[in-house]
Amino acid sequence: LFWSQDPRFLQQFESGGVVVFEEFSKYPLCYKDVSFWEPDHFHENDFCALVRDTAGDLVEKVTCIDEFYNKKKDLTSRCYRIEYRSMERSLTNTEVDEIQGSLRGVLEQSGYQLR
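Rules of the game
- Residues numbered from 1 in each chain as written.
- Predicted model: local features only at pLDDT ≥ 70, side-chain atom pairs only at ≥ 80, totals over all residues.
- Heavy atoms only, no water.
- Salt bridge = Lys/Arg side-chain N within 4 Å of Asp/Glu carboxyl O.
- Helix = DSSP H or I, 4+ residues; strand = E, 2+ residues; numbered from the N terminus.
- Buried < 20%, exposed > 50% of the residue type's maximum accessible area, 1.4 Å probe, protein only.
- Contact = heavy atoms within 4.5 Å.
- Polar contact = N/O pair within 3.5 Å; in protein donor to acceptor, adjacent residues only side chain to side chain.
- Core = buried A, V, L, I, M, F, W, Y, C linked by side-chain atoms within 4.5 Å.
- Phe/Tyr/Trp six-rings, centres within 6.5 Å; stacked < 30°, edge-to-face > 60°.
- Lys NZ or Arg CZ within 6 Å of the ring centre and 35° of its normal.

**Student:** So what's going on with the pattern of salt bridges? Which residues, and what values?
**Tutor:** Working definition: two side chains of opposite charge can pair if their charged atoms are close together. Applying the stated criterion to the full structure yields six salt bridges. For Arg81, the salt bridge goes to Asp33, with nearest N and O atoms at 2.8 Å. Of the two residues, Arg81 is situated in strand 3 (residues 75–84) and Asp33 in strand 1 (residues 30–37); the sequence distance between them amounts to 48 residues. Among the ionic pairs, Glu67 bridges to Arg78, the shortest N-O distance being 3.6 Å.

What follows is the structure, encoded as structure tokens:
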């Protein structure tokens with residue numbers, strides 16, 4: 001009988017199987033969104049690498065939550081949700097805002113036109 005209803009915990013078990021338990025954070029996540037016009041030769045892996053290089057291990061997940069094409073500008077816009085979480089402590093919103101601000105600066109320096 002499992003005492004936790006957390007899907008990160010429950011998804012690690014299979015009926016009739018033995019699996020290696022993967023530790024997960026018990027602290028809450030904090031997410032921030034970033035939107036930009038897709039630069040020439042955009043590749044999602046390059047974007048995720050910039051995110052991880054800037055925020056390090058505090059980034060748990062990067063997900064594209066919106067994408068649209070503007071015919072007038074002939075540009076594609078993307079919006080990504082970045083989930084931050086620490087394994088050791090709760091992150092403050094101010095702390096995550098600082099990381100997000102650094103990320104925005106790195107993206108602009110890398111040719112991303114932020115929205």
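**Student:** Can you lay out the environment of Ser77 for me, pointing to particular residues and giving the numbers?
**Tutor:** Along the chain, Ser77 falls in strand 3. Residue classification places Ser77 among the buried positions, given a relative accessible area of 3%. Taking the C-alpha atoms as reference, Ser77 lies 5.7 Å from Phe36; in sequence the two are 41 residues apart. Filtering out sequence-adjacent residues up to four positions away, Ser77 remains in contact with Phe36, Trp37, Asp66, Glu67, Phe68 and Arg115. Polar side-chain contacts of Ser77 include one of 2.9 Å to the side chain of Arg115.

**Student:** Could you give an account of the nonpolar core, naming the residues involved and the relevant values?
**Tutor:** The biggest cluster of nonpolar side chains holds 21 residues, and the ones touching the most others in it are Phe47, Tyr84, Leu107 and Tyr112. Elements supplying a minimum of two residues to this core: strand 1, helix 2 (44–55), strand 2 (59–70), strand 3 and helix 3 (93–109).

**Student:** Break down the packing of aromatic side chains for me, citing the residues and quoting the values.
**Tutor:** All chains considered together, the criterion is met by eight aromatic pairs. Centre to centre, the rings of Phe47 and Tyr80 are 4.5 Å apart; their planes meet at 35°, and the pair counts as tilted. One end of the pair, Phe47, is in helix 2; the other, Tyr80, is in strand 3, and 33 residues separate them in sequence. Residue classification places Phe47 among the buried residues on the basis of a relative accessible area of 0%. Grouping aromatic residues by their ring pairs yields a cluster made of Phe36, Phe42, Phe47, Tyr80 and Tyr112. Cation over ring: Arg115 sits above Trp37, and NZ or CZ is 4.7 Å from the ring centre.

**Student:** An account of the side chain of Asn70 is requested, with residue identities and associated values reported.
**Tutor:** Mapped onto the elements of the fold, Asn70 is located in strand 2. At a separation of 2.9 Å, a polar atom in the side chain of Asn70 contacts the main-chain amide nitrogen of Lys72. With near-sequence residues (within four places) excluded, Asn70 lies in contact with Trp37 and Leu75.

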